[in-house]
Amino acid sequence: MEDRSPVVIDMTGADIHAEGERIREHGPVGRVELPQGVRAWSITGYEAGRQVLGDRRFSKDGRRHWTAFVNGQIDPQFPLISWALMENMGTTYGSAHTRLRRLVARAFTPRRVEAMRATIKKSVASLLEDLAGSPPGAIVDLKSRYAHPLAAEVIFELIGVPAEARQTILRGGEAQVDTTMTEEEEAASIGLVLQEMAALVAAKRRTPADDLTSDLIGAQDGEDGSGLEDGELIGTLLFLLGTGTEPVTNLVTNSILALLANPGQRQLIDAGQASWQDAIEETLRMDAPVAHMPFRFAVEDVQLGDVTIPAGDPVLVNFAAMGRDPAIHGATAGSFDIARPDKKHLAFGHGMYVCLGMRLGLLETGTAVPALFERFPDLALAVGVEEVKPQNTFIMNGRSELPVLLSATQQ
Ligand code: HEM
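This one's a predicted model, so the numbers in the text were calculated from it and none came from an experiment.

Calculation criteria
- Residues numbered from 1 in each chain as written.
- Predicted model: local features only at pLDDT ≥ 70, side-chain atom pairs only at ≥ 80, totals over all residues.
- Heavy atoms only, no water.
- Helix = DSSP H or I, 4+ residues; strand = E, 2+ residues; numbered from the N terminus.
- Rg over C-alpha atoms; globule rule 2.2 N^0.38 Å.
- Buried < 20%, exposed > 50% of the residue type's maximum accessible area, 1.4 Å probe, protein only.
- Areas by Shrake-Rupley, 256 points an atom, 1.4 Å probe, with all protein chains shown as cover.
- Lys, Arg positive; Asp, Glu negative; His and termini not counted.
- Charge placed at Lys NZ, Arg CZ, Asp CG, Glu CD.
- Near = heavy atom within 4 Å.
- Polar contact = N/O pair within 3.5 Å; in protein donor to acceptor, adjacent residues only side chain to side chain.
- Nonpolar A, V, L, I, M, F, W, Y, C, P; charged D, E, K, R; others polar.
- Salt bridge = Lys/Arg side-chain N within 4 Å of Asp/Glu carboxyl O.

Engineer: Honestly, the overall build of the protein in this entry has me stumped. Any pointers?
Structural biologist: Along its length, the protein carries 18 helices and eleven strands. Against the globule reference of 22 Å for 411 residues, the protein gives a C-alpha radius of gyration of 21 Å, in line with a compact fold. Its C-alpha atoms give the protein principal-axis dimensions of roughly 65 × 55 × 40 Å. Looking at the 411 residues of the protein, the share that counts as buried comes to 55%. Accessible area for the protein stands at about 17200 Å²; split by element, carbon and sulfur atoms hold 52% of it. Of the side-chain charges in the protein, 38 are positive and 55 negative, and the distance between the mean point of each set is 5 Å.

Engineer: Help me out: how do you make sense of the site of the ligand in this one?
Structural biologist: Lining the immediate surroundings of the ligand are 29 residues, of which K60, H97, R101, R296 and C355 lie closest. Residue K60 places a side-chain N or O atom 2.8 Å away from an oxygen atom belonging to the ligand. When residues of the shell around the ligand are traced back to their parent elements, those giving at least two are α6 (94-107) and α13 (230-261). Ranked by residues supplied to the shell around the ligand, first place goes to α13 with seven residues. For the shell around the ligand, the class distribution of residues is 20 nonpolar, six polar and three charged.

Engineer: What is the right way to read unusual backbone geometry from this model?
Structural biologist: The bulk of non-glycine residues show a negative phi, and the bulk of peptide bonds are trans. In this structure, F295 follows P294 across a cis peptide bond, with omega equal to -15°. The phi torsion at Q36 lies on the positive side, around 60°, for a residue other than glycine. The topology assignment puts Q36 in the loop between β2 (29-33) and β3 (39-43). Given a relative accessible area of 45%, Q36 falls into the partly exposed group.

Engineer: What should I look at first to understand the pattern of salt bridges in this one?
Structural biologist: All told, the structure shown has 20 salt bridges when counted by the stated rule. A salt bridge links R145 to D130, with the nearest nitrogen and oxygen atoms 3.4 Å apart. Taken together, the residues span a long stretch of sequence, with R145 in helix α9 (residues 142-159) and D130 in helix α8 (residues 116-132) at a distance of 15 residues. Given the relative accessible area of 28%, R145 is considered partly exposed. For D130, a relative accessible area of 45% corresponds to the partly exposed category. Note that E153 and R166 form a salt bridge whose closest N and O atoms lie 3.4 Å from each other. Of this pair, E153 sits in helix α9 while R166 sits in helix α10 (residues 166-177), and the two are 13 residues apart along the sequence.

Everything listed here is a matter of geometry and, on its own, says nothing about what the molecule does.
Encoded structure:
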């Protein structure tokens, strides 16, 4: 396997699943090449992925554990450098990660998530109302007019971002995952976001409110009694904005697309033979909203089946490919089958970095998807399935837009 040529990762994410299948030809642990010839491992097997996600010998701290970076062999212009070096809980390891995760989890309580139910319903109702006002026959993009505004609205409300700062922050979020943007464009956009976030933190320190930012400001670490510094707080809020918006947008979009592309599956729900939750779980398995989350690094040599990952090597966990592992889901792993008895997936991760927003994301999607189909029972794709363009990224797995016709009379 070591002798096989690495699969060159397409930064535009043109066909994440076909690429995943090419990597799988190497076995559950494959070799890939990133820009500038940077080599990494890509985990496509469910069992191997579960092992990596739960194994403390994999770090997310590139400054300490990425040998090529530590040795100065990584060009500072490497397009994915910010994913390895940004300062937030997504790049911490060991006790540094445990401390941040504990503080965030404390502010991210089931009570706070449950309190978002009313916001989610209100936001869904208002977005549906807005869609219903579209001119007859108009092609409507459900990503930009439904999935994305809902996900963004919910996370803005949760964090307590004032209305006037929201557009700037949204543009910065898009820049962060767009792996086709230049570094200058990305930096300019993110600079503006940092200013908004600094202003937000200053305002909440002065006047706390009933929101997650105020909870985070108040959260004290039980061990040394310290809280989050401003820099850590801003990093954490930005991380939450990114992790809370993009994957939810994709889960809503991908679920709608899968149901529209497979009308027979939708009929199973109408006939009471399957539920909306079945459809959402099957989407998570078959079309995971996060494709890869860069990076992990082996802290020591780690044996995964018959492959040894050397200490210091970067590893990409390929969430999109793991859900389609034929060793778990057989020959039909790539099909959308909501009645499938075992929809086992790792789309929310596993182990010490498992998603903190799973409950919230499922609440949003479980509200948005049924409400849309109930409001527009004749909803149909406005283009062929193959023409629905993927998102410009290999990190996320979504669509750049989802063009639909809202009712049969429009067609
Ligand atoms: C519904 C769609 C969602 C999906 C598919 C998803 C997926 C994931 C995945 C795969 C990871 C693990 C990354 C890794 O191990 O490298 C993760 C982590 C995380 N997610 Fe989510 N996520 C979703 C929604 C959310 C929401 C709504 C929030 C919060 C507002 C959120 C916050 C987080 C955080 C904070 C982490 C990092 C946990 C840590 O580092 O300890 N996610 N998510």
